[in-house]
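Observations on chain architecture
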Amino acid sequence: MKRLAYTLACMIAGAALHARAMQKPAPGGYIVEHDPEVAVTEPGTHNGGGQTVGYSFFKKVPNLRLIFRKRALKPGSGIGLHEQHEDEIYYVLSGKGVMTLDGKTVDVTPGTAVLTRTGSSHSLKQTGDEDLVILINYEGANK
């Protein structure tokens, strides 16, 4: 009888654990940010020269390793040549530019996506009459 009671107790406990494991996790919430809230006028990064407007979205969110930025490069500005320490994606929203990737020159225009891999080097120079607007995405260190 004790064995039966023990078996039933184990089955009930197992069913309860299974039911709990099958529950949907509590939602983690969300954060909404807009360009004007995060915009900062600054020189071209990595000594690229000229003026840019940087938009560092979600930079104050703790434990977020995903870096998501937008940058508007004003005429004549750029992102200086630098070695990549993590995979990074550039996506062109508007404008024109020239990107140097491991010594090769590539024209970038709206709709161009570029993945720079760890250990590569690259730079970006705005060309044309309008701002070169890009999205930049990479994984950073935990904050």
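Above this text sits the structure in question.
All figures in this text were calculated on a predicted structure; none of them were measured in a lab. Here, residues in each chain are numbered from 1, in the same order as that chain's written sequence. The model is predicted, so local features are restricted to residues of pLDDT at least 70 and side-chain atom pairs to those at 80 or more, both for listing and for counting; the totals for chains, interfaces and linings are taken over all residues. Where side-chain values are given, they derive from all heavy atoms of the structure, hydrogens and water being excluded.

Some thoughts on the sheet that holds strand β7 (residues 104-108)
The strands that make up a sheet are held in pairs by hydrogen bonds between backbone atoms, and each pair lies either parallel or antiparallel. When DSSP locates at least two bridges between a pair of strands, those strands are taken to pair. Secondary structure follows DSSP: runs of H or I at least 4 residues long count as helices, runs of E at least 2 residues long count as strands, and numbering of each begins at the N terminus. Pairing in this open sheet of four strands is antiparallel, and the strands run β4-β9-β6-β7 from one edge to the other. Two strands in the sheet have a free side with no partner beyond their single neighbour: β4 (78-83) and β7. Looking at each pair of strands side by side, their axes are set apart by 15° on average, direction ignored. In the sheet, strand β6 (residues 96-101) pairs with strand β9 (residues 121-127) via six bridges, with the strands oriented antiparallel. What sits directly across from L101, in β9, is H122. With axes taken as lines fitted to C-alpha atoms, and helix axes fitted only over the stretch in contact, angles between N-to-C directions fall between 0 and 180 degrees.

Structural notes on the sheet that holds strand β8 (residues 113-116)
In spatial order, the strands read β1-β2-β3-β10-β5-β8; together these six strands make up an open sheet with antiparallel pairing. The strands lining the two open edges of the sheet, one partner per strand, are β1 (39-43) and β8. Each neighbouring strand pair of the sheet contributes to a mean axis angle of 25°, computed without reference to strand direction.

Regarding the nonpolar core
Joining through side-chain atoms within 4.5 Å is the link that ties buried Ala, Val, Leu, Ile, Met, Phe, Trp, Tyr and Cys residues into a set, and such a set is a nonpolar core. Per-residue accessibility, obtained with a 1.4 Å probe over protein chains only, is compared with the maximum for each type, and a residue is labelled buried under 20%, exposed over 50%, and partly exposed between these values. Counting residues in each nonpolar core, the largest one holds 13 residues, and the members touching the most others are I79, Y90, M99, V108, L124, L132 and I134. Throughout, a contact is declared for two residues whenever any of their heavy atoms are within 4.5 Å. Beyond its immediate sequence surroundings of up to four residues, I79 is in contact with T45, H46, G48, R71, L73, Y90, S123, L124 and I134. Counting six residues, the second largest nonpolar core, distinct from the first, contains V38, Y55, F57 and A72.

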